[in-house]
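# Examination of the molecular architecture
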Amino acid sequence: MQIKLAIFDFDGTIADTREAIIVAKQETMRIYGLPVADEAACASTIGYTAKAGFQRLYPDLEGEKLEQCVATYRQLFEEKKKTIPPKLFPGMIETLEALVEKGITCTIATARNQVSCHEMLEQLGVKKYFGYILCGESTQNLKPHPEAVLKTLSDLDCRPEEAIVVGDMPMDIGMGKGAGVTTCGVTYGNASRETLLEAGADFVFDEIGELLGILGN
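This structure is a prediction, so every number in the text was calculated from the model and none was measured.

### Considering helix 7 (residues 147-155)
- Along helix 7, the positions that sit buried rather than exposed are Ala148, Val149, Thr152 and Leu153. The arc that holds the buried residues of helix 7, viewed along the axis, is 135°, so those residues lie on one side.
- Close packing links the buried residues of helix 7 with strand 1 (5-8), strand 4 (105-109), strand 5 (130-134), strand 6 (163-167) and helix 8 (170-178).
- Positive backbone phi, approximately 55°, marks aspartate 157, located one or two places after helix 7.

### Structural notes on the pattern of salt bridges
- What the rule picks out here adds up to 14 salt bridges.
- The partner of aspartate 9 in a salt bridge is lysine 143, with the nearest N and O atoms 2.8 Å apart. Of this pair, aspartate 9 sits in the loop between strand 1 and strand 2 (15-16) while lysine 143 sits in the loop between strand 5 and helix 7, and the two are 134 residues apart along the sequence. Accessibility assignment for this pair places aspartate 9 and lysine 143 in one class, buried.
- Among the salt bridges present, the one from lysine 80 reaches glutamate 27, with a minimum N-O distance of 2.9 Å. Taken together, the residues span a long stretch of sequence, with lysine 80 in helix 4 (residues 63-83) and glutamate 27 in helix 1 (residues 18-31) at a distance of 53 residues.
- For lysine 80, a relative accessible area of 19% corresponds to the buried category.
- Three or more residues joined by partner-sharing salt bridges are found here, namely Lys4, Arg159, Glu161 and Glu162.

### So, the sheet that holds strand 7 (residues 182-186)
- Within the open sheet, the six strands sit side by side as 5-4-1-6-7-8. Their pairing is parallel. Each end of this open sheet is capped by a strand with a single partner; those strands are strand 5 and strand 8 (203-205). This sheet shows a mean twist of 25° between the axes of neighbouring strands, independent of strand direction.
- Two strands pair when backbone bridges link them, and strand 6 and strand 7 are joined in this way by four bridges, in the parallel orientation. Paired with glycine 167 across the strands is glycine 185, a residue of strand 7.

Basis of the calculations
- Residues numbered from 1 in each chain as written.
- Predicted model: local features only at pLDDT ≥ 70, side-chain atom pairs only at ≥ 80, totals over all residues.
- Heavy atoms only, no water.
- Buried < 20%, exposed > 50% of the residue type's maximum accessible area, 1.4 Å probe, protein only.
- Helix = DSSP H or I, 4+ residues; strand = E, 2+ residues; numbered from the N terminus.
- Arc of directions from axis to C-beta.
- Contact = heavy atoms within 4.5 Å.
- Salt bridge = Lys/Arg side-chain N within 4 Å of Asp/Glu carboxyl O.
- Pairing = 2+ DSSP bridges.
- Axes fitted to C-alpha atoms, helices over the stretch in contact; angles between N-to-C directions.

Below, the structure written as structure tokens:
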């Protein structure tokens, strides 16, 4: 497989942010008197924008209260990540370095807001590997809509058959499939192997380093 472009999700794919996200969401729920969702339910919203995540958990939540929940959650997440810092998944730096050495361009497509994403990439020491980053504000349509992948392909002058999407959630797989690119699910994030296969992933890996085995030299 001759791949020139690797499009990565961020949360649950590059960095482990699960605990800080869940703790911040549950604390927000308590503050606003919402039924507190369990860990699995909160994790199922990782990869969506904060607003979309709350809407999925509470379909009747809207208007000012929804906006307050989003603002409070974001503030709490910034606080929680100081005591529960995001960390890179094992093998991530080595894999990114190997991809760059192969001449493969690495990019990011995430629903996380721009400030938060860029800040964490800097703190984790991996921003230098990504020359192109699309965040939640970068496109009109969010995952699983393929707009982020289509925009990446267009801006970087790359054909679908030359790209791969790497993500931990079904929405990542759907985004890639909708754009006609190869998709790779990773099981170390927030979804199971079965869920990723059901979403149509072409490959499913337990470790990010396995990605290198399917890429052409």
